[in-house]
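# Residue-level structure breakdown
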Amino acid sequence: MLRKVTYRHRQIQLPGSPCPAMPFRPALILLLLLLTVSGVAHAGMVDPSARSVELTSHTRFIVTNDEPGPSEVTRLPESRWQKTSDDINLGYTADTYWFRIRLTNDSAQPLERLIELAYPMLDKVDFYALRDNQPELMAQTGDRRPFDTRPIAHRHFVFPVTLPANTTSEFYLRIQTSGALQVPLTLWQNNAFASQSDTQLTMESMFYGVMLVMTLFNLFLFFSFRERAYLSYVLLVGSALLVMAGLNGASFQYIYPDSPALHNYMLLITVPLYQLAMCLFARDYLEMGTRHPRWNRLFLVLIAATAMCVIGAFIFSYDISTRLSVMMAVPVGLANLVAGVAFWMRGDKSARLFTIAWVALLVCALFTVLNKLGIAPSSFMANHGIPIGTSAQALLFSFALADRFNRERKAYFQEKQAVLDAMKNQRETEAALLRASSHHEVTGLPDRSLFERIVDQAISNNESAVTAIFMLHLRRFDDVNKTLGHRHADELLSLFASRINQLVAQTVHAVYLEGNGKDTICVAHIEGVSFAFALQDEDQERLMSQAAELTARFAEPIEFMGLMLELNFVIGASFCEDAGEDAQSMLRHAFIALDQAGVGTSEIAIYQADMNPYSPRRLTLMTELREALRTEGLTLYFQPQVHLSTERVAGFEALLRWFHPEHGFVPPDEFIPMAEQTGLIKPLTQWVLQEALTFCNGLDAVGCDATVSVNISAMNLREPGFCEAVCGLLEKNQVAARRLVLEVTETAAMLDPKRSLAVLRALQAAKVKLSIDDFGTGHSSLSYIRQLPVSEIKIDRSFVMEMDSNQGDATIVRTTINMCHDLGYEVVAEGVENEATQNLLRELGCDYIQGYFLARPMSRTDALKWLEASSWATSSSLTT
Ligand code: C2E
Ligand code: CA
Ligand code: CA
């Protein structure tokens, strides 16, 4: 059975024939799928070898409204029959048309042929053959009649005919339709029709297949993403599919062959539905609702109008409904295209593919339209423009959706990435903060707690080895601050830190702390100007020799700002004696050892149990000190100070001496801190003051009005009633307040600045002289010292002792002297050990000197004897 047929469409423009649908023609053509392939036409005669004959030129027609019977029609005079032009397209007409086809078979063989009427939408088609001058009804069909009325089951109307040999046969078609009347007629050889039909079927199947897949795929996407644009796309492609299948009769043939009424409705409904879907899709896809309120309003109107047309199909007549749909095609198409272009111009990326899809449809359709209008020749595109355009549009819309989905997903991932980046930044910031919290801000080296943690690990990981901690303290670094300024001093500190780290890291036995990418870090920055590192070795001797080597390298001058600087440092070391010892206590021991370092010749001091104030020796010493104080076991020594310009003895510094019956000489540096810790410092200072004032009276007795300097500890400044006690003693001993000098270290004065300041002011008010001791070793600022009511500054002996050989020391001393003089202080240089230093200090304008070169601290008697014998004393100081 033949199932398919070539679309064949030649419109006949009849001279003077009514053409009521004229204004809608282009749109109608655009909308309806009416395509043909060119046939091979032969005039009059039927060539037996011709596969197909285009029948327009063999066809005549009449239009009637008085409903003549077939016999009447066949007998009408020839003059009534009108000729057709190229195409038979009579537009919308309610009239009944009769068509006559005359075919001559010249050959000696009868010919079996098929007459195809390739326009499936005609309401009623009656086919007659003239037999013995009588019309014989061969078929009564049309799309208002069930499908099985067709002599051949095909979407088009196909009538089998026999053309007897050497005869002219006549056939009649009575056609009545409420839609456009088009009558494309072709005569086919049976097999030619079959093969043509198959080709068509393949092409159409492909078209339906593509559309169906798109519909299902996007339906699936809709259910996945719940985005309305996918649903309106499904509606769009689905309705396009229905329109196509309806127009070319496929749906009638395959879906509802027994319901011509339904078929009719489907045609009326699907076209406006398709338009409705286009508007819905445009609105959803271009997001008019949220982004383009004006366009949204226009599209809502269009949606309402097309929806009315869908409903109208059930209300209005076929004719009106069809015209309405045709009418709507123009605003719908235009609005979509203009919206696409306008959005594109505004930079909406979604609109690009949307517009291209519409242009594709319009361009493809234009081939057909121009061909229908007789402007363009018949061609493949002219014949298939609309289904191709529709498929192209559907495809491009689908790409557009995918593209938009892709962009949205990208945006989503970018957003997500941004969040991830922000989180990463935060983590980095936290890591940096964490690092900062465990690293020194100036040098970036690990801090004490990190150091302790890692060394503890190292100790437990390597129990067989000896672990030693070395604590390096920069001395007099405050002078660097004062000389270079804090910024440069920090730079110098960093430079020094990285240098010692480099040296330590080169040592095989150094305990590794961390790596910062390029450097191995083995040195920690404990506090201020103190650094620490740890060494581990099986052999303690080797470990110490390594430490000594390192110490020597540390001492090498460092180049900074074009200067070769020698930084003065001391090192305290401590060993992990027993398994119970941890880094924290080792560090504390190293700190204690630090106090001893630099006292002798070596910069490095190793912690010994007796250094520890909490060691058993210390504990007994403390009780013994109390005892010594009570039993006059302590002695006060005196060391003279000379005024350089007058070369007179100007004063004596009182220094405590403790000769222990068992341990021998115990240096005040060892027991004073103990006395401070136990509170013994209070009675101790009272005792010293009393002894000093007694000595003062002794000086008076030999006619010397030199002052006596007494060292005051930080604890004394916090003592309530200290000033009153001092004044009481002065009073009691009948010593003028100006004869007493109280020496306070910068650090002591800094400890409790408010309180200290109050006490010192009270003492000043009582006319007691105040002196800043050990100037240059603490961390005080001159601006703070400026507030203190002091009259004298004592440059620490560590700067003075080697100033004759050390240029750096000499510079510091000179700078300090000048600075103090500018600020109105008198300057004492202590630790003068030789004549060269004395001369140097004189040149520098130092006011007073004190040191072993003049005299060592002496007992009261020795001091008085010395005074008698001394050239300094004899020269001028004695007043009689
Ligand atoms: P200081 O106040 O700086 O005392 C000066 C120290 O320098 C003394 O050490 C003295 O013997 C030493 N000295 C003086 N001339 C030279 C010299 O030319 N070369 C060297 N190398 N050293 C010199 P000393 O007597 O061992 O006292 C140590 C510290 O103990 C004192 O330092 C002071 O801070 C403290 N001290 C001593 N006696 C007392 C006291 O009665 N009360 C308080 N609170 N502290 C005291
Ligand atoms: Ca002193
Ligand atoms: Ca001193």
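Before any of the text, the structure's been laid out above.
Residues numbered from 1 in each chain as written. Chains lettered and ligands numbered in written order. Predicted model: local features only at pLDDT ≥ 70, side-chain atom pairs only at ≥ 80, totals over all residues. Heavy atoms only, no water.

### Concerning the pattern of salt bridges
Heads up, the rule is: Each reported salt bridge corresponds to a side-chain nitrogen of Lys or Arg within 4 Å of a carboxyl oxygen of Asp or Glu. Runs of E in the DSSP output that reach at least two residues are strands. Runs of H or I that reach at least four are helices, and both are numbered from the N terminus. The buried label goes to any residue with under 20% of its type's maximum accessible area, the exposed label to any with over 50%, and the partly exposed label to all in between, with areas taken from a 1.4 Å probe on protein chains only.
In total, this model carries 28 salt bridges according to the counting rule given. In this structure, Arg-630 engages Glu-627 in a salt bridge whose closest nitrogen and oxygen atoms are separated by 2.6 Å. Residue Arg-630 and its partner Glu-627 are both found in helix H17 (residues 616-630); the two are separated by 3 residues, about one turn of the helix. Judged by its relative accessible area of 61%, Arg-630 falls in the exposed class. With relative accessibility at 37%, the residue Glu-627 sits in the partly exposed group. Note that Glu-653 and Lys-794 form a salt bridge whose closest N and O atoms lie 2.7 Å from each other. Of this pair, Glu-653 sits in strand E23 (residues 648-660) while Lys-794 sits in strand E28 (residues 792-795); the two residues are 141 residues apart in sequence, bridging distant segments of the chain.

### With respect to the coordination of the calcium ion (ligand 2)
Condition: Here a donor is any nitrogen, oxygen or sulfur atom (N, O, S) within 2.8 Å of the metal, with 3.2 Å used for Na, K and Ca; water is not among the atoms considered, so some sites may look incomplete.
Donor atoms from the polypeptide that bind the calcium ion (ligand 2) are Glu-653 (OE), Asn-711 (OD1), Glu-743 (OE) and Asp-773 (OD), placed at 2.1 to 2.3 Å. Donor residues for the calcium ion (ligand 2) sit on one chain with the sequence pattern E-x57-N-x31-E-x29-D. A distance of 3.8 Å spans the gap from the calcium ion (ligand 2) to the calcium ion (ligand 3), which Asp-773 bridges by coordinating each metal. Of the two residues, Glu-653 sits in strand E23 while Asn-711 sits in strand E25 (residues 707-711), which places them 58 residues apart along the sequence.

### Digging into the nonpolar core
The nonpolar side chains of a soluble globular protein tend to be buried with one another. Cut-off, in case you're wondering: By nonpolar core we mean a set of buried residues, namely Ala, Val, Leu, Ile, Met, Phe, Trp, Tyr and Cys, connected to one another through side-chain atoms within 4.5 Å. Any two residues having at least one pair of non-hydrogen atoms within 4.5 Å are treated as being in contact.
Ranked by size, the top nonpolar core spans 90 residues in total, and within it Ile-115, Phe-171, Leu-173, Ile-175, Leu-187 and Tyr-233 carry the most contacts. Per element, the largest residue contribution to this core is 13 residues, and it comes from helix H6 (residues 260-285). Sequence-distant contacts of Leu-173, defined by excluding residues within four places in its chain, comprise Tyr-97, Trp-98, Phe-99, Ile-101, Val-125, Asp-126, Phe-127, Phe-159 and Leu-185.

### So, a nonpolar patch on the surface
Quick reminder of the rule: Exposure above 30% relative accessible area and the absence of a salt bridge qualify a residue for a patch, where like charges join within 9 Å and nonpolar side chains (Val, Leu, Ile, Met, Phe, Trp, Tyr) within 5 Å. Surface accessibility follows the Shrake-Rupley procedure with a 1.4 Å probe radius. Residue values consider only the protein chains on display as shielding.
Taken together, Tyr-265, Ile-311, Phe-314, Ile-315, Phe-316 and Ile-320 make up a surface patch of nonpolar side chains, about 610 Å² in accessible area. Tallying contributions element by element places helix H8 (residues 293-315) first for the nonpolar patch, with 3 residues. Among the structural elements, Ile-311 can be located in helix H8. For Ile-311, a relative accessible area of 47% corresponds to the partly exposed category.

### What about the sheet that holds strand E7 (residues 124-131)?
Filter applied, for reference: The pairing criterion is simple: DSSP has to find at least two bridges between the two strands.
Strand order in the open sheet made by the 6 strands is E3-E2-E5-E10-E7-E8, with antiparallel pairing throughout. Two strands lie at the open edges of the sheet, namely strand E3 (82-83) and strand E8 (134-141), each paired on one side alone. Two strands pair when backbone bridges link them, and strand E2 (residues 59-64) and strand E5 (residues 96-105) are joined in this way by 6 bridges, in the antiparallel orientation. Following the sheet pairing, Ile-62 is matched in E5 by Trp-98.

### What to know about the site of ligand 1
Put simply, the rule is: Put simply, a residue is near a molecule or strand once any heavy atom of it comes within 4 Å of that molecule or strand. Here a polar contact is recorded for every N or O atom pair within 3.5 Å, except that within protein the pair must consist of a potential hydrogen donor and a potential acceptor, and residues adjacent in sequence are included only if both atoms are side-chain atoms.
Neighbouring ligand 1 are 22 residues; Gln-639, Arg-657, Asp-773, Glu-833 and Tyr-852 lie closest to it. Asn-711 is positioned with one of its side-chain polar atoms (N or O) 3.0 Å from an oxygen atom of ligand 1. At 3.3 Å, a side-chain N or O of Glu-830 approaches an oxygen atom of ligand 1. Out of a free accessible area of 790 Å², ligand 1 has 89% covered by protein chains. Contributions of two or more residues to the shell around ligand 1 are made by E23, helix H18 (668-678) and strand E27 (769-775). Sorting elements by how many residues they give to the shell around ligand 1 places E23 first, with 4 residues.

### A word on the coordination of the calcium ion (ligand 3)
The protein atoms that coordinate the calcium ion (ligand 3) are Asp-773 (OD), Asp-774 (OD), Glu-830 (OE) and Glu-830 (OE), at distances spanning 1.9 to 2.7 Å. Of note, the donors binding the calcium ion (ligand 3) are all from one chain and are spaced D-D-x55-E. Residue classification places Asp-774 among the partly exposed residues on the basis of a relative accessible area of 22%.

### Things to note about the packing of aromatic side chains
Aromatic ring pairs are described here by two measures, namely the spacing of the ring centres and the angle between the planes. Formally: Geometry of aromatic contacts follows a simple scheme: Phe, Tyr and Trp rings, the Trp one being its six-membered ring, pair when their centres are within 6.5 Å, and the pair is stacked under 30 degrees between planes, edge-to-face over 60, tilted otherwise. Distance and angle both matter: a charge sits over a ring if NZ of Lys or CZ of Arg is within 6 Å of the ring centre and within 35 degrees of the ring normal.
A complete count under the given rule lists 33 aromatic pairs for this structure. Aromatic side chains Phe-147 and Phe-252 sit 5.5 Å apart centroid to centroid with 85° between the ring planes, which places their arrangement in the edge-to-face category. With a gap of 105 residues between them, Phe-147 in the loop between E8 and strand E9 (157-163) and Phe-252 in helix H5 (residues 250-254) connect regions that are remote in the sequence. Across the pair, exposure class does not vary: Phe-147 and Phe-252 are buried alike. Here Trp-658 and Phe-671 contribute two aromatic rings whose centre-to-centre distance is 5.6 Å and whose plane-to-plane angle is 90°, an arrangement assigned as edge-to-face. With a gap of 13 residues between them, Trp-658 in strand E23 and Phe-671 in helix H18 connect regions that are remote in the sequence. Given a relative accessible area of 2%, Trp-658 falls into the buried group. Counting every residue linked through ring pairs, the aromatic cluster contains Tyr-233, Phe-281, Tyr-285, Phe-354 and Phe-397. A cation sits over an aromatic face here: Arg-100 above Trp-81, 5.2 Å from the ring centre.

The analysis is restricted to geometry; functional conclusions fall outside its scope.
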